[in-house]
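Inside the fold
So the chains spell out like this:
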Amino acid sequence: MTKVGIISGSLRKESVSTKIGKSVAKLFPAGYEAEIIEIGNLPLYNEDIDQDNPPAEYTAFRNKLKEMDAILFVTPEYNRSITAALKNALDVGSRPYGQSSWDGKPAAIISQSPGNLGGFGANHHLRQPLVFLNMPVLQQPEVYLADSFNLLDDNGNFKNDDTAKFMQSFVDAFVELIKKYQ
Ligand code: FNR
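Summarised in this report is the structure supplied together with it. (Residues numbered from 1 in each chain as written. Predicted model: local features only at pLDDT ≥ 70, side-chain atom pairs only at ≥ 80, totals over all residues. Heavy atoms only, no water.)

**Quick word on the overall build of the protein**
Looking only at helices and strands, the protein has 5 helices and 5 strands in total. When the helices and strands of the protein are read in sequence order from the N terminus, they spell out β-α-β-α-β-α-β-α-β-α. Scaling as 2.2 N^0.38, a compact globule of 182 residues should have a C-alpha radius of gyration of about 16 Å, and the protein matches this with 16 Å. Overall, the protein is about 50 × 35 × 25 Å in size when its C-alpha atoms are taken along their principal axes. For the protein, the proportion of its 182 residues judged to be buried stands at 49%. (Helix = DSSP H or I, 4+ residues; strand = E, 2+ residues; numbered from the N terminus. Rg over C-alpha atoms; globule rule 2.2 N^0.38 Å. Buried < 20%, exposed > 50% of the residue type's maximum accessible area, 1.4 Å probe, protein only.)

Put into structure tokens, the structure is as follows:
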């Protein structure tokens, strides 16, 4: 079984990012298991507490990441960048020094916004740390979901057929990328 961790950049209970992540999880083929990985419980990264006895939340998160073959990020945009919660998760997963839990895992990015720009700023800011974390990121298709509050129906499926097909093509391309690193 190939395991894909889905990380939502939003901590909101009714987060559209999380809902999109759950919807996209259903598009992976047989043999793939996609699950949301929580980041809201992670204390703000602080090297002082990350010594011999790191917070249990850090250790659990790192172990969970290590189980994954690939990571899908679904993120809103905050002030033209990624959320603090998502950056915190990247930092927590990147340590201890030399033992990053992200290392080498293929990744893909979905950004979303209720506005028209689809979180373009967040999408591209996220690519910068992923280069340093040595995560090969899916290049095409790029996914910037605009008008995101109106994308899903009550069952969490994409309302528009063209959007659903596009998201399936995105998952298919991600699966091909994942295979290259297995
Ligand atoms: C936002 N929002 C926002 N939207 C956007 O398209 N570009 C931006 O730069 C920002 N900036 C921003 C800053 C802060 C602090 C907040 C709280 C919100 C709006 C944002 O896209 C909206 O809240 C999304 O719905 C958040 O996604 P979730 O929480 O539904 O996943």
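Picking up where we left off.
**With respect to the pairing of strand β4 (residues 107-112)**
Burial analysis of β4 places 6 of its 6 residues in the buried class, which makes it a mostly covered element. Burial along β4 is two-sided: the face carrying A107, I109 and S111 and the face carrying A108, I110 and Q112 are both buried. Of the pairings in the sheet, the one linking β4 to strand β5 (residues 143-145) comprises 3 bridges and is parallel in character. Pairing of I110 across the sheet is with V143, part of β5. Crossover β4 to β5 through helix α4 (residues 120-132) is right-handed. (Pairing = 2+ DSSP bridges. Right-handed = clockwise from strand over helix to strand, strands pointing away.)

**As for the site of the ligand**
Residues in contact with the ligand amount to 14 residues; listed here are only the nearest, S10, S15, S17, E77 and S113. Taking E77, its side chain carries an N or O atom lying 2.7 Å from a nitrogen atom of the ligand. Here an oxygen atom of the ligand sits 2.8 Å away from a polar atom, N or O, in the main chain of R80. In isolation the ligand has 620 Å² of accessible area, and contact with the protein removes 71% of it. (Near = heavy atom within 4 Å. Polar contact = N/O pair within 3.5 Å; in protein donor to acceptor, adjacent residues only side chain to side chain. Areas by Shrake-Rupley, 256 points an atom, 1.4 Å probe, with all protein chains shown as cover.)

**Quick look at the pattern of salt bridges**
Inspection of the entire model under this criterion finds 8 salt bridges. Note that D50 is salt-bridged to R62, the shortest N-O span being 2.8 Å. Residue D50 is found in the loop between β2 (32-36) and α2 (56-67), and its partner R62 is found in helix α2; the two are separated by 12 residues along the sequence. Both residues of the pair, D50 and R62, belong to the buried class. (Salt bridge = Lys/Arg side-chain N within 4 Å of Asp/Glu carboxyl O.)

**Some thoughts on the packing of aromatic side chains**
Tallied over the entire structure, the rule returns 6 aromatic pairs. Both rings, one in Y45 and one in Y58, keep their centres 5.7 Å apart while their planes meet at 15°; by these two values the pair is stacked. Note that Y45 is positioned in the loop between β2 and α2 and Y58 in helix α2, a separation of 13 residues in sequence. We classify Y45 as partly exposed; its relative accessible area is 24%. Aromatic ring contacts, followed pair by pair, group F28, Y32 and F174 into a single cluster. (Phe/Tyr/Trp six-rings, centres within 6.5 Å; stacked < 30°, edge-to-face > 60°.)

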